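Each chain, letter by letter, is given below.
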Amino acid sequence: METANSSNILASTFYLTGIPGYEEFHHWISIPFCLLYLIGIMGNCTILHVVWTDPRLHEPMYYFLAMLSLTDMGMSLPTVISLFRVLWSISREIQFNTCVVQMFFIHTFSFTESSVLLAMALDRYVAICHPLRYATILTPTLITKIGIVALLRSAFAMIPLLAQLAFFPFCHSHVLSHSYCLHQDMIRLACADTKFNVIYGLVLITLLWGMDSLGIFVSYVFILHSVLNISSQEGRFKALNTCASHICAVLILYVPMIGLSIAHHFAKHSSPLIHIFMAHIYLLVPPVLNPVIYSVKTKKIRQGILHLLFPLRISSSVM
């Protein structure tokens, strides 16, 4: 009986991987990772605090930015504990149930972030193409519904994919390629027919990321058409400048995401360092860079952060 229980425990235990060939440097490698996580958490928490407390930022554009910060943290924070457990040589083990929960949060918030970027593109479309109707179209109620639908759509879409994993036997290697769990990494270890997961995963990516990216592209086609109809060059530049931060956020999410998908599907036999490098860029770069970009490019966000850091100095300069 004890032998059966121990074999079940072993069967449900997986082993995470740090950076192969650099195990002796893991403690040093953990320092930049720690700094990046801290920068990402502090930056996104600052954005959320400023949007929440500054009445000037109670506008649709900044509500969507707050959603982007929440999805950024939701995508990256689930990996913190497992990453540092590996890099600090505490433990490489992770239980199947924990792995599935981690996958659920990573993939759900990844799809949700794509939906939020689509909502932000629509926000820019309404602001530039229909400025007089901006406040009446994008009401707080509609914005709340968009956020809830984006999250629920992503969460429910992931349930069949992850539920199927419970029926897979993992009879060979239990060593994962990363320091956290990804669906495409786990099904590679299954000793069963994974056709459903592969096809469903591709359909999911096509429908969710594909439709979101198509929606973003169409929004910018209409935005560009509207901007070209502006007579003054200064007006054109000002209109396009309001979209610069969003375009950067789209590239920051989609480029690593596409790169990671390509690496998993078409570069299976390439160096493990490529997969690990792409996976960490995919999870760490958006939470770190998005707050920086919006702080630099968006005047009201920049003023809100300065007011948060130097309240007395800003107040005295205003008076």
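Residues numbered from 1 in each chain as written. Predicted model: local features only at pLDDT ≥ 70, side-chain atom pairs only at ≥ 80, totals over all residues. Heavy atoms only, no water.

Looking at an unreviewed UniProt entry, one finds the protein named Olfactory receptor, with Bos taurus as its source organism. What UniProt records for the protein under Function (unreviewed entry) is the sentence "Putative odorant or sperm cell receptor." Here the protein is described in UniProt, under the heading Sequence similarities (unreviewed entry), as follows: "Belongs to the G-protein coupled receptor 1 family." (UniProt positions renumbered as here; feature names shortened; annotations may be inferred.)

So, the overall build of the protein
In terms of helices and strands, the protein carries 14 helices and two strands. Over its C-alpha atoms the protein spans a radius of gyration of 22 Å, differing by no more than 12% from the 20 Å that the globule rule assigns to 319 residues. Dimensions of the protein, computed from the C-alpha atoms along their principal axes, are close to 75 × 45 × 35 Å. For the protein, the proportion of its 319 residues judged to be buried stands at 45%. Nonlocal contacts in the protein, meaning residues at least 24 apart in sequence, comprise 78% of its contacts between residues at least 6 apart. Accessible surface, the protein: about 16900 Å² in total, of which carbon and sulfur atoms supply 73%. Distance from the positive charge centre (17 side chains) to the negative charge centre (13 side chains) of the protein: 13 Å. (Helix = DSSP H or I, 4+ residues; strand = E, 2+ residues; numbered from the N terminus. Rg over C-alpha atoms; globule rule 2.2 N^0.38 Å. Buried < 20%, exposed > 50% of the residue type's maximum accessible area, 1.4 Å probe, protein only. Contact = heavy atoms within 4.5 Å. Areas by Shrake-Rupley, 256 points an atom, 1.4 Å probe, with all protein chains shown as cover. Lys, Arg positive; Asp, Glu negative; His and termini not counted. Charge placed at Lys NZ, Arg CZ, Asp CG, Glu CD.)

Brief notes about unusual backbone geometry
The phi dihedral of serine 89 falls on the positive side, at around 60°, and the residue is not glycine. Topologically, serine 89 is positioned in the loop between helix 4 (80–87) and strand 2 (93–95). Accessibility expressed as a relative area gives 55% for serine 89, which makes it exposed.

Regarding helix 7 (residues 140–163)
Think of an α-helix as turning once every 3.6 residues; residues three or four places apart then point the same way. Given a rise of 1.5 Å per residue, 24 residues ought to cover 34 Å, and the 35 Å separating the end C-alpha atoms of helix 7 matches this to within 8%. Of all the residues in helix 7, the buried ones are Ile143, Gly147, Ala150, Ser154, Ala155, Ala157, Met158, Leu161 and Leu162. Looking at the buried side of helix 7, the elements it contacts are helix 3 (60–76), helix 5 (96–129), helix 8 (183–186) and helix 9 (195–228). (Expected span 1.5 Å × (residues − 1).)

Quick notes on helix 9
A rise of 1.5 Å per residue sets the reference length of helix 9, with its 34 residues, at 50 Å; its end C-alpha atoms lie 48 Å apart and thus fit the reference within 8%. Bending of helix 9 peaks at approximately 25° at the position of glycine 210. (Bend = angle between axes of the 7 residues up to and from the residue.)

Some words on a nonpolar patch on the surface
On the surface, a nonpolar cluster with roughly 980 Å² of combined accessible area is contributed by Val198, Ile199, Leu202, Val203, Leu207, Met211, Leu214, Phe217, Val218, Val221 and Phe222. By the element assignment, phenylalanine 217 lies in helix 9. For phenylalanine 217, a relative accessible area of 56% puts it in the exposed group. (Patch = residues over 30% accessible without salt bridge, like charges linked within 9 Å, V, L, I, M, F, W, Y side chains within 5 Å. Salt bridge = Lys/Arg side-chain N within 4 Å of Asp/Glu carboxyl O.)

Topic: the pattern of salt bridges
Evaluation of the coordinates by the stated rule reveals five salt bridges. Residues arginine 56 and aspartate 54 are paired through a salt bridge, measuring 2.8 Å at the closest nitrogen-oxygen approach.

Concerning the UniProt feature "transmembrane region" (unreviewed entry) in the protein
In this numbering, the UniProt entry assigns the feature "transmembrane region" (unreviewed entry) to residues 28–51, 63–88, 100–122, 142–167, 198–223, 244–267 and 273–293. The distance separating the terminal C-alpha atoms of residues 273–293 is 28 Å; by composition the span is 100% helix and 0% strand.

Considering the nonpolar core
If you look at the biggest cluster of nonpolar residues, it comprises 69 residues, and the most contacted ones within it are Leu117, Leu165 and Met186. Only helix 2 (26–53), helix 3, helix 5, helix 7, helix 9, helix 11 (244–266), helix 12 (272–297) and helix 13 (299–309) provide two or more residues apiece to this core. Top contributing element to this core by residue count: helix 5, with 15 residues. In this structure methionine 186 touches Phe14, Phe96, Cys99, Met103, Leu165, Phe170 and Leu176, once residues within four positions along its chain are discounted. (Core = buried A, V, L, I, M, F, W, Y, C linked by side-chain atoms within 4.5 Å.)

Focus: the side chain of threonine 298
Within the fold, threonine 298 resides in the loop between helix 12 and helix 13. Every residue in contact with threonine 298, bar those within four places of it in the chain, is listed here: Met61, Tyr62, Ser245 and Ile293.

Side note on the packing of aromatic side chains
Applying the stated criterion across every chain yields a total of 10 aromatic pairs. Taking the centre distance of 5.4 Å and the plane angle of 25° together, the rings of phenylalanine 196 and tyrosine 200 count as stacked. Of this pair, phenylalanine 196 and tyrosine 200 both sit in helix 9, four residues apart, roughly one helical turn. By relative accessible area, tyrosine 200 is classed as partly exposed at 22%. The rings of Phe14, Phe96 and Phe170 are connected pair by pair, giving a single aromatic cluster. (Phe/Tyr/Trp six-rings, centres within 6.5 Å; stacked < 30°, edge-to-face > 60°.)

A word on the state of the cysteines
Applying the stated criterion across every chain, the model contains one disulfide. Through a disulfide, cysteine 99 is tied to cysteine 181; the S-S separation comes to 1.8 Å. Disulfide cysteine 99 to cysteine 181: torsion about the S-S bond roughly -110°, handedness left-handed. Of this pair, cysteine 99 sits in helix 5 while cysteine 181 sits in the loop between helix 7 and helix 8, placing them 82 residues apart in sequence. We note that cysteine 99, like cysteine 181, is buried. Distance from the sulfur of cysteine 34, which forms no disulfide, to the nearest cysteine sulfur (cysteine 45) is 15 Å. (Disulfide = S-S within 2.5 Å.)

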